[in-house]
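Breakdown of the fold
Below, each chain spelled out in residue letters.
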Amino acid sequence: LLFAAMSTWARGRALALAAIRRDGVELEPFVAALGAEALARVPRTAVYAVADPATVPQALLHNLKHNQVLHERNIVLTVVFDPRPWVPAAERLVHEDLGHGFERVRLHFGFMDTPDVPQALAGAPALAIEPMATSWFLSRETLLPAAGLGHWRERLFTAMARTAGSATQYFRLPDNAVVELGTRIQL
C-alpha cells in the first residue's frame, strides 16, 4: 500500500509537470517580448513560484491576462531540494537578472532543512526585497482526469493532491501577502 501511494504520487506529479511544460511558455522569449510592450506597471515586487524555471509561471500568465498589469519587479522563484541534508546559506541562492524587471532565483535547501523562503531571500543583499511591498503568487492546480494514470491511481492521486499540505505554510510565506491563481491541468 505504501509503495502504491508513493509511486502514484511520483507518477502523478511527473505527469502534472509534463503537462505544465507541454502547455507552458518559455520564460526568456516571453520576457524579451514584454520589453517591447508598454504595459502598466504596479510599483511593487511580485514573487512567482514555479517548478520549472525555464517556463513562465501560470500565475503570472493569469495575472497578466485578467488584470492586464505587471509589477515593477517580477521574481520567478524555484525551490530546489538537494540530495544532501543541509545547504549552507552561502550556497543557497542563485540569482539571474533577465532584464525588463524580471529576475530568476533558485533557492536550494537540503532534505533536512526547514524551507523558510522569505528568510532565505531576505538574506540576499543583491535582492533587497521589501516584505511590506511584496506579493507572493502561487498557482493552484485543478487536476482533470485523462488516461495517463489509470482509473484507481488517478482517483488516489487526486485525493492525495487535495489533502496535500499548503505551500504557503510549508515555505513559510506571509499569509496576508499570498495570492493563489488557479490553473487546470489535464493528466
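Residues numbered from 1 in each chain as written. Predicted model: local features only at pLDDT ≥ 70, side-chain atom pairs only at ≥ 80, totals over all residues. Heavy atoms only, no water.

**Overview of the overall build of the chain**
Put simply, the rule reads: Runs of E in the DSSP output that reach at least two residues are strands. Runs of H or I that reach at least four are helices, and both are numbered from the N terminus. Computation of the radius of gyration draws on C-alpha atoms alone. For the globule rule, the value is 2.2 Å times the number of residues to the power 0.38. Buried residues are those whose accessible area, probed at 1.4 Å on protein chains only, stays under 20% of the maximum for their type, while exposed residues exceed 50% and partly exposed ones sit between those limits. Throughout, a residue-residue contact means that at least one pair of heavy atoms, one from each residue, lies within 4.5 Å. All accessibility values rest on the Shrake-Rupley procedure with a 1.4 Å probe; residue burial counts only the protein chains present in the view.
If you tally the helices and strands in the chain, you get 6 helices and 6 strands. Counted from the first residue to the last, the chain has its helices and strands arranged as α-α-β-α-β-β-β-α-β-α-α-β. On C-alpha atoms alone, the chain measures out to a radius of gyration of 17 Å, which is about the 16 Å that the 2.2 N^0.38 rule sets for 187 residues. Taking the principal axes of the C-alpha coordinates as reference, the chain spans close to 50 × 40 × 30 Å. Every one of the 187 residues in the chain was classed for burial, and the buried ones make up 38%. For the chain, the share of sequence-separated contacts (at least 6 apart) that also reach a separation of at least 24 residues comes to 80%. In the structure as shown, the chain presents an accessible area of about 10600 Å², 57% of it carried by carbon and sulfur atoms.

**Topic: the pairing of strand β2 (residues 70-82)**
So the rule is basically this: Only strands that DSSP links by at least two bridges are regarded as paired with each other.
By the bridge criterion, 7 bridges tie strand β1 (residues 41-49) to β2 in an arrangement that is parallel. Following the sheet pairing, Thr45 is matched in β2 by Arg73. Sheet topology places β2 next to strand β4 (residues 102-110); 9 bridges connect them, and they run parallel. Residue pairing for β4: Leu77 is matched across the bridge by Val105.

**Comments concerning the packing of helix α1 (residues 2-23) against helix α5 (residues 151-163)**
The condition is simple: Here, axes are lines fitted to C-alpha atoms. For helices the fit covers the stretch in contact, and angles between N-to-C directions go from 0 to 180 degrees. Oblique is the label for any angle not covered by the other classes, which are roughly parallel (under 35 degrees), roughly antiparallel (over 145) and roughly perpendicular (65 to 115). We call Asp, Glu, Lys and Arg charged. Ala, Val, Leu, Ile, Met, Phe, Trp, Tyr, Cys and Pro are nonpolar, and the rest, Gly among them, are polar.
Interhelical geometry of α1 versus α5 gives an angle of 85° and a closest axis separation of 9 Å. As judged from the angle between their axes, α1 and α5 are roughly perpendicular. Two secondary-structure elements touch here, α1 through Ala4, Ala5, Ser7, Thr8, Trp9, Arg11, Gly12 and Arg13 and α5 through Trp152, Arg153, Leu156, Phe157, Met160 and Ala161. Broken down by class, the residue content of the contact of α1 with α5 amounts to 8 nonpolar, 3 polar and 3 charged.

**Things to note about the layout of surface pockets**
Rules: Method remark: on a 1 Å grid restricted to protein atoms, a set of points is classed as a cavity if a 1.4 Å probe fits but cannot get out and as a pocket if it is open with protein on both sides within 12 Å along at least five of seven lines; lining residues have an atom within 4 Å of a point. Grid points are joined across faces, edges and corners, and a volume is the space filled by probe spheres set on the points.
Considering only enclosed or pocket space, the largest pocket measures out at about 1300 Å³ in volume. Lining the largest pocket are 38 residues, with Arg13, Ser139, Glu141, Ala167 and Phe171 sitting closest to its centre. Of all the secondary structure elements, the ones that give two or more residues to the lining of the largest pocket are α1, β1, β2, β5 (134-144), α5, α6 (167-170) and β6 (178-186). Looking at the lining of the largest pocket, the element that brings in the most residues is β5, giving 8 residues. Looking at the lining of the largest pocket residue by residue, the class counts come to 24 nonpolar, 9 polar and 5 charged. Here the second largest pocket defines a volume of roughly 210 Å³. Around the second largest pocket, the lining comprises 13 residues; the ones closest to its centre are Glu130, Pro131, Met132, Trp136 and Pro174. For the lining of the second largest pocket, the elements supplying multiple residues, two or more each, are α4 (117-122) and β5.

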